[in-house]
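These are the residues of each chain, in order.
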Amino acid sequence: MRNTRALSPIFELSAPGRRGATLPPSDVPYAALDEILPAEARADALPDLPEVAEGDVVRHYTCISQLNMSVDTHFYPLGSCTMKYNPKRNERLASLPGMLDLHPYQSEASHQGMLQLLFELQQMLAEIAGLEAVSLQPAAGAHGELAALMTAAAYFRDRGEHRTKVLAPDSAHGTNPASAAVAGFDAVTVRSTPDGYVDLEDLKAKLDDQSAVFMITNPSTLGMFERNIKPIADMVHAAGGLLYLDGANMNAILGIARPGDFGADMMHYNPHKTFSGPHGGGGPGAGPIAVRGMLGPYLPAPVVAFDGVRYRLDYDRPKSIGRVRSFFGNVGVLVRAYCYIRTYGGKGLREVSENAVLNANYLLSKLKHIFPVPQGDRCMHEFVATASKIKAERGISAMDIAKRLLDYGFHAPTVYFPITVKESMMIEPTETESKETLDAFAEALFRITEEPADLLHEAPHSTGISRPDEVKAARQPQTSWPK
Amino acid sequence: MSYLFNTPDDQRAMLEAIGVGSMAELFAQLVPDEARLHRDLDIPHAMSELEMTGHMQALAAKNTACSSRPCFLGAGSYDHFIPAAVDALAGRGEFFTSYTPYQPEVSQGNLTVTFEYQTYITRLTGMDVANASLYDGATAATEAAMMSLEATGRRGRIVVAGTVHPEYRQTLQTYLNCLGVELVTVGYNETSGTVLPADIAAACNDQTACVLVQQPNFFGSLEEVEAIGRAAHEAGAMFVVSVDPISLGILKKPSEYGADVVTAEGQSLGNPLHYGGPYLGIIACKQEFVRRMPGRIAGQTVDRRGKRCWVLTLQTREQHIRREKATSNICTNQGLFALRATIYLSLLGPHGLRETAELCARKAHYARTLLNGAGGARFTVPFSAPTFKEFVVRDGAGTVEALLADAEQEGYFAGVSLGRWYPELADCFLVCVTEKRTRAEIDGLVGELTSSPVGLTAELTK
């Protein structure tokens, strides 16, 4: 029988007396613990943690890591997540002691290099956005949305306007309306047309003098560049509102089109997507925001300023919304983004987007005969295909196809999002995949459609586990190991 | 070409398959000309790996790494020891380059880790449920306060101790500004350096959703948490505590003094300083509040063959399903840092965490005792409450900025000045002593501070 002991939760590996770390003895003069910390504040027992050897820890986490699919090991066309190659060099560069071992409160004189890097990153993100002012503080895309909406609220408040609504299309990420609610706005949904564009009539009907912001994802979550983006921006501005760009899909338009040029007043970046920060199994990301000059004074403080000689943190921003987190930002992710942008340069970034779009269109051209793509023959960096035809004919769902792809050694696309397309499969190949990989992926999907329905309903067959019982997980939640 | 695959031949073949003649033609079909950028981005030229390495080394050389000298800086970002196995394991591409476990069949590694992490956090805090992580300590405390608004149905006031990390309070204020909820800050007692439970009780009214305190507090001092918790509950408010997870190696669990929600900055659990981020937001709560919990939660279940496995669960709280009615807008969190914390705690185990906490307390106590009255009574410790690994020092000469700058010149990161947040403590600084500091380094710091000339101008800090 195969030995799978190391795959067990670490609690099952524990044995009294084992240790994975040894601390040095105290080298300061002895004092009774009661003199240091009063007995009533101290715990009666040792912390309740497993006792394992370092070898246990290494084998356990190494073995369970191998149960994951990842960009390093597999094609990972998870739409909207931009699972591109994460350069190894950036890990090494971000881990230089002079980058990694910096304390957020050490003196400005002792980290001028870091401040210079962050200042230059602010400038580069402003240039890519076509917007003037940048805050690097938000910790993730959704956090950037929230910070930008708070910035908009402060801007309107300062102008004596009381606007209560934030609008977003029905195809938007759930974070858009959720961020609107946290920022104290009423979220209003705007319809999309069947081919994935904003329904201009519905937008027109819902825009009024209470509308603060229209949040648009462009390219959209259906992978289409919004053809009416200029008229939309004009409509929003005519109503006195601001246009927000959800930058989730910036990988399609680097150096091709700038949000500020096509009418956006605010946007966030997802550096862990667009600028190749590793996704880390669910973060960290970062969510820097760029805004038009008139909104700059309201951004979170501090920002990095430069007087021509010295870099410094500028806290003197009386109109700022304040902080949205502790310390400066997710600097580790920002340093990797900086390295990525400097590695490509301006022209290279455009080539990134060109190849991301080329790869997506090539894959679309191969798959559209098997899985219809409602929005048509062209896409930006990703496209949404539907399994509704094969579902109607043979009962095979997008979920079945996604699960069967795992058996073929491919991560699944995003399924059942956006919610505006039935049986949707959102496929984003990224630019860091070869034509051969895309051909193999298309071939696998083609083969899957010819397989017996029962085989697909039961997929995956070759992964460590089959489909989990999610209903049981929710009905009888067990969210920690029993004592 | 950097990380691209497509050769000119590939591109030609692919364009042909699509049915367009050139990249320009493809984009002309996709992006309206009026929205196009008709020039290259104004970003410096591309750099090879060799050039980039030189460039980054030059930037790094303009920074002084905390690892290059004795570091007594703390205030929410801590220089604890990180075993090599943490980096080696967390650096594996299977962890590093995967994402949110939307496909549990090929994400059992991450899900197992999340489940173990949640277990560790519940056991350390005594709470029933922990989530998969939040951004950092500040947003974790803020999310806990937001939970209390919903859970109590009281939307009038949040009461916060003035000894909670100033940047956590600023973050909370930013969020509450949007909702029109009042934030009442309770000042600290000048003798003890802690808030008085009676002052907390006086600040609560019948619309107070929660009381938020930090243990040990921002000054390193132990608050009277049991009495404060009682005061909160007597007012019908929830009791939220922000803790230092290392301190839980030796201090009572928050469940033992009545906490309803516990939050923490998890950076100290095996995560590098990183100039303040990314860090790890920890949140855990009692069972009754789980439906209000923000963010991802992993749960145990079985697969179709009855095999034990893990999935993301209770997702009807989350933004991708509930949209504007979600408990929070959080999506991507800090999975990699939760992983690092899990590996760190696995390595340390019960004895290692206890010993780390005890070393911090012993060494900080030694430094505090030495500095109190040092330099011919120039230096004093103004607050009387017991402290864990940080304590406040007053410079009777009143020249903190110059003092710290002078120490830096002499090779010490000596502490964090407090005047920026507490004007009345402009002559004070916060000293942090972790298990990494040796007696020789502490003695050296005291020697350096006591020999620092009085009356240096603040110019040195420039």
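Not measured: the values here are computed from a predicted model.

Chemist: Help me understand the overall build of chain B, please; the structure alone is not making it clear to me.
Modeler: Within chain B, the secondary structure is distributed over 15 helices and 13 strands. With respect to the three principal axes, the spread of C-alpha positions in chain B is 85 × 55 × 50 Å. By residue count, 67% of the 462 residues in chain B fall in the buried class. In chain B, the share of contacts with a sequence separation of at least 24, taken over all contacts with a separation of at least 6, comes to 71%. Just so you have it, chain B exposes about 14400 Å², and 49% of that area is on carbon and sulfur atoms. Counting 39 positive and 51 negative side-chain charges, chain B places the centres of these two groups 6 Å from one another.

Chemist: What is the right way to look at the sheet that holds strand β3 (residues 182–186) of chain B in this model?
Modeler: Residues and elements named next belong to chain B. An order of β1-β7-β6-β5-β4-β2-β3 is seen for the 7 strands of this open sheet, with the pairing classed as mixed. One side of each edge strand has no neighbouring strand; the edge strands of this open sheet are β1 (129–130) and β3. Taken together, the 5 bridges between strand β2 (residues 157–161) and β3 define a ladder with parallel strand orientation. If you follow Ala 161 over to β3, its bridge partner there is Val 186. The strands touched by helix α6 (residues 108–125) are β1, β6 (261–265) and β7 (281–285); relative to β7, the strand with the most contacts, the crossing angle is about 65°. On the sheet, helix α7 (residues 137–152) packs against β2, β4 (208–215), β5 (238–243), β6 and β7 and is oriented at approximately 165° with respect to β6.

Chemist: Please clarify how the interface of chain A and chain B should be interpreted in this entry.
Modeler: Taken together, the 208 residues of chain A in the interface contact 181 residues of chain B. Interface area for chain A against chain B, summed over the two sides, is near 17100 Å², with a carbon-plus-sulfur share of 62%. Linking chain A with chain B are 12 salt bridges. A salt bridge links Arg 308 of chain B to Glu 12 of chain A, with the shortest nitrogen-to-oxygen separation between them at 2.8 Å. Our count for the chain A to chain B interface comes out at 95 residue pairs in polar contact (both at pLDDT 80 or more). If you tally residues by element for the side of chain A that touches chain B, the top one is helix α11 (residues 331–367) of chain A, at 28 residues.

Chemist: What's the story with the environment of Gln 123 of chain A in this structure? I'm lost.
Modeler: Structurally, Gln 123 of chain A can be placed in helix α5 (residues 112–129). Separated by 11 residues in sequence, Gln 123 of chain A and Val 134 of chain A have C-alpha atoms that sit 7.7 Å apart.

Parameters at a glance
Residues numbered from 1 in each chain as written. Chains lettered and ligands numbered in written order. Predicted model: local features only at pLDDT ≥ 70, side-chain atom pairs only at ≥ 80, totals over all residues. Heavy atoms only, no water. Helix = DSSP H or I, 4+ residues; strand = E, 2+ residues; numbered from the N terminus. Buried < 20%, exposed > 50% of the residue type's maximum accessible area, 1.4 Å probe, protein only. Contact = heavy atoms within 4.5 Å. Areas by Shrake-Rupley, 256 points an atom, 1.4 Å probe, with all protein chains shown as cover. Lys, Arg positive; Asp, Glu negative; His and termini not counted. Charge placed at Lys NZ, Arg CZ, Asp CG, Glu CD. Pairing = 2+ DSSP bridges. Axes fitted to C-alpha atoms, helices over the stretch in contact; angles between N-to-C directions. Buried area = accessible area lost by both parts, 1.4 Å probe. Salt bridge = Lys/Arg side-chain N within 4 Å of Asp/Glu carboxyl O. Polar contact = N/O pair within 3.5 Å; in protein donor to acceptor, adjacent residues only side chain to side chain.

So far we have only geometry, and geometry alone does not tell us how the molecule works.
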